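Take a look at the letters that make up each chain.
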Amino acid sequence: MRNIVITGANGFVGSYLVNLLDKTDDNVIALVRNGSRTDLIENQSLVVMVDYEDSLSLTNIISSADVIVHCAGLTKARRQSDYQKVNVGLTKKFVEIVNSLERRIQFILLSSQAAAGMATKGRLKKEEDDCKPLTFYGQSKLDAEEYVRSDCNQPWTIIRPVSVYGPGDKDFFEYFKLVESHLGLVIGHNKLANFVFVKELCEFIMLSIGNKKAYNELFFVNDGKAYFQEDFVDTLSEVMGGYMIKIHIPEITLYPVAIISEVISFFTDKAVLINLQKVKEFKGENWLCSIDKARSILGYKPCPNLKKNIEDTLNWYKENEWL
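In what follows, the accompanying structure is described. (Residues numbered from 1 in each chain as written. Predicted model: local features only at pLDDT ≥ 70, side-chain atom pairs only at ≥ 80, totals over all residues. Heavy atoms only, no water.)

Description of the sheet that holds strand β1 (residues 3–7)
Reading across the sheet, the 7 strands line up as β3-β2-β1-β4-β5-β6-β10 and stay open at both edges, with parallel pairing between neighbours. Since the sheet does not close on itself, it has two edges, and those belong to β3 (47–50) and β10 (217–221), each with one partner. With direction set aside, neighbouring strand axes in the sheet form an average angle of 20°. Judged from the 5 bridges that link them, strand β6 (residues 156–161) and β10 form a sheet pairing that is parallel. (Pairing = 2+ DSSP bridges. Helix = DSSP H or I, 4+ residues; strand = E, 2+ residues; numbered from the N terminus. Axes fitted to C-alpha atoms, helices over the stretch in contact; angles between N-to-C directions.)

Structure below.
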């Protein structure tokens, strides 16, 4: 039985991973920042509330771990310094802790496709390609990756998922709410992108845990298929039933929306879903990456099924009264 520590265990991906691992023989320790909600974690006995600033306490918890899956991080923030403090600073803290311990601990960093940036036209982004993040978020993830690769003395694995959807997600949930109101939004021209269902991502993480083939390696993760933006909206409309009015929004109109959102964010001191940074990603032309490395080294075999995954997600939203 392995001791597996999950940081950010109350988040979208972290909680799903905790719930999956809880069904195995592994011993799961779900780290959650003091005062945070833990609604998405099914077995509350796994939750350990922590102060991420308290290195001594974290060291005591981690001292018996075999694996740390570092999911904690910011996906939305008002300032670049906020991304750096959490996404880079917290990664450094955990790397320093595992380096100080004598036992072997695999350190798995959940990064993002945003760290790599877009692929050049006509090809898929690969792990060995130069990284050109477009946003503060992407840069913070890349900085965290580089620190792990240069300073972690323990076996490490870096995982870069593409856009993740599924039960518990709040970003794609906005599409569900719109389609429930009979609206389908398509931003800009109908571009291709990769997606990955949260269950598939977590199964890949589990495939990496304790796997020596994954040591000191970096992997992109998607479901093995490229989707047009309209594929997601159309499939969602089909699953939810009823009629949908599809609206194509020119990218240029995102700028005033982003500016207004940033003004609101300034006065409320809260991060928003759409800002000028996010517009850079929306305008991106080629958010496609290769999973050949994951297939060849770890035997990753994704089974893309957008309709079934959207159905499962919709059912979860309804059962948990989000819709």
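A look at the packing of aromatic side chains
For the structure on display, the rule yields 21 aromatic pairs. A centroid spacing of 5.9 Å and a plane angle of 55° characterise the contact between Y165 and F172, whose relative ring orientation is tilted. By the burial criterion, Y165 is buried, and F172 matches it. Residue placement shows K293 over the ring face of F219; its charged tip is 5.3 Å from the ring centre. (Phe/Tyr/Trp six-rings, centres within 6.5 Å; stacked < 30°, edge-to-face > 60°. Buried < 20%, exposed > 50% of the residue type's maximum accessible area, 1.4 Å probe, protein only. Lys NZ or Arg CZ within 6 Å of the ring centre and 35° of its normal.)

Observations regarding the sheet that holds strand β9 (residues 192–197)
With mixed pairing, the 3 strands of this open sheet are ordered in space as β7-β9-β11. The open sheet terminates on both sides in strands that have one partner only, identified here as β7 (163–165) and β11 (226–228). Geometrically, the sheet is characterised by an average inter-axis angle of 55° between neighbouring strands, direction not taken into account. Bridging between β9 and β11 involves 3 bridges; their strand directions are antiparallel. When the bridges of β11 are listed, L192 appears paired with F228. Its contacts with the sheet place helix α7 (residues 229–240) against β7, β9 and β11, and it is angled at close to 75° to β11. (Contact = heavy atoms within 4.5 Å.)

Concerning the pattern of salt bridges
Side chains bearing opposite charge may pair, as long as their charged atoms lie close to each other. A full pass over the atoms with the stated rule returns 15 salt bridges. Here E230 makes a salt bridge to K246, at a shortest N to O gap of 2.7 Å. With E230 in helix α7 and K246 in strand β12 (residues 245–249), the pair connects residues that are 16 residues apart, well separated along the chain. Bridged by salt links that share partners, the residues E230, D234 and K246 form one connected network. (Salt bridge = Lys/Arg side-chain N within 4 Å of Asp/Glu carboxyl O.)

A short note on helix α2 (residues 55–62)
Three or more residues of α2 are buried, namely L58, I61 and I62. Down the axis of α2, the smallest arc covering the buried residues is 90°, so these residues share one side. Facing away from the buried side of α2 by over 90 degrees, the exposed positions are L56 and N60. The inward-facing, buried residues of α2 contact β2 (27–33), β3, β4 (67–70) and α3 (80–100). (Arc of directions from axis to C-beta.)

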